[in-house]
Amino acid sequence: MNAYVTVDLLKSSSVLNVTGSGDDTRLRLLAESQSRLIDRLANRHFYALTATRTFDVLDTEMVLLPDLAAITSLKTDDNIDRTFETTWATTDYRLRPSNADPATRFNSNSRPYTSVVVDSNGTKSFTLGDETVQVVGEWGWWLHKATATETADAIGSTTAKTFSVSARTDVEAGHTILVDSEQMYIQSYSGNTLTVLRGANGTTAATHSGGAAISLYEYPSPVVEATIIQAARMWKRKDSSFANAVGLEGGLMEIFRGVDQDVKQAVRPYRKMAMGVV
């Protein structure tokens, strides 16, 4: 669960100019749904998803990947028994493109890795066959994060849905945050208390010591702007006949007819052909 734009930004005077908190939940749900619409338009997602994925191998030297922002481990099934018995060292393979740099903030040229190749100085090779390579990593466009001004107070439970921060300044409803290695999705806040979805995007809920740093996930500016435009225009159309004319029952093509042309233009540079896992 995540959104590419926060509720506070949608409510701001430069977007919808909404006051009060009565529409906060509805605005958050709108931000989430329009963020997923952007993903479908682009045939990729821009949030960081921690997951284990397996891949068919057609080339002993290279395996194509969906957007990969960081790799944790690579294993192979060398005898095709559906057991990944061989763990590759980082010196056994290389991620391509080599200059993708998905983790450096403020690098506008950051992009994901899209393949893994055998290191030319090594002795390993991929085994041809169905699902003979397993990759554990963080999948998505990039891993740009800002450090929030506030820090997290102690979180002593893995199931607690609320926790407090030192002084809420940067964190807003709709933000995905990282505390230690756990992602949390901010659903709402009251004063310095946040209501969150724990263990978001494939991460594991954990306890956290007081004073833990909070990182805010960031997304490409055109993607954020596209989400703002689409969410704002859908909000303004909510009481019109258009809102009733376009629904999920009409399928994706019917939904896409309601997408603003400026949104399509903003997303176009990020769009890829749909193939495999996205």
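It should be emphasised that the depicted structure is a prediction, and the values quoted were computed from it without experimental measurement.

Undergrad: I keep staring at the pattern of salt bridges and nothing clicks. Help me out?
TA: Oppositely charged side chains can pair when the atoms bearing their charge come close. In total, this model carries ten salt bridges according to the counting rule given. The closest approach of N and O atoms between Lys 11 and Asp 24, which form a salt bridge, is 2.9 Å. Taken together, the positions of Lys 11 in helix α1 (residues 7-11) and Asp 24 in helix α2 (residues 24-42) put the pair 13 residues apart, joining distant regions of the chain. Among the residues examined, Asp 24 registers a relative accessible area of 25% and is labelled partly exposed. Residue Glu 32 is joined to Arg 28 by a salt bridge in which the shortest nitrogen-to-oxygen separation is 2.8 Å. Pair noted here: Glu 32 and Arg 28 are both in helix α2, with a separation of four residues, about one helical turn. Salt bridges here are not isolated pairs; linked through shared partners, they connect Arg 44, Asp 67 and Lys 272.

Undergrad: In this structure, what is going on with the pairing of strand β10 (residues 182-190)? I would like to understand it.
TA: Along any regular strand the residues' side chains alternate between the sheet's two faces. Pairing analysis gives four bridges linking strand β9 (residues 176-179) to β10, with the strands arranged antiparallel. Bridge pairing in β10 links Leu 178 to Gln 183. The turn linking β9 back onto β10 is made up of two residues, and Asp 180 within it adopts a positive phi angle of 55°. With five bridges joining them, β10 and strand β11 (residues 193-197) adopt antiparallel strand pairing. The residue bridging Tyr 189 from the neighbouring strand is Leu 194, located in β11. In sequence, β10 turns back onto β11 through a hairpin of two residues, with Gly 191 there showing a positive phi of about 65°.

Undergrad: What should I look at first to understand the nonpolar core in this one?
TA: Among soluble globular proteins, nonpolar side chains are generally buried collectively. With 42 residues, the main nonpolar core has Leu 10, Leu 16, Ile 38, Phe 46, Tyr 219, Val 263 and Val 267 as its most contacted residues. Broken down by secondary-structure element, the contributors of at least two residues to this core are α1, α2, α3 (221-236) and α6 (261-267). Ranked by residues supplied to this core, first place goes to α3 with eight residues. Apart from the residues within four sequence positions on either side, Val 267 is in contact with Ile 38, Leu 41, Ala 42 and Ala 226. Leu 74, Trp 88, Tyr 93 and Val 133 belong to the second-largest nonpolar core, a separate cluster that totals 17 residues.

Definitions and cut-offs
One numbering rule holds for all chains: residues counted from 1, following each sequence as written. Selection of residues for local features in this predicted model requires a pLDDT of at least 70, selection of side-chain atom pairs for listing and counting requires 80 or more, and totals for whole chains, interfaces and linings are taken over all residues. Where side-chain values are given, they derive from all heavy atoms of the structure, hydrogens and water being excluded. Here a salt bridge means any side-chain nitrogen of Lys or Arg lying within 4 Å of a carboxyl oxygen belonging to Asp or Glu. Numbering goes from the N terminus for both helices and strands, where a helix is a DSSP run of H or I of at least four residues and a strand is a run of E of at least two. Burial classification: accessible surface area is computed with a 1.4 Å probe over protein chains only, and a residue below 20% of its type maximum counts as buried, one above 50% as exposed, and the rest as partly exposed. Following DSSP output, two strands are said to pair if at least two bridges run between them. Grouping buried Ala, Val, Leu, Ile, Met, Phe, Trp, Tyr and Cys residues that are joined through side-chain atoms within 4.5 Å yields what is termed a nonpolar core. Contacts are assigned to residue pairs that have any heavy atoms within 4.5 Å of one another.

Interpretation in functional terms is not warranted from these geometric data alone.
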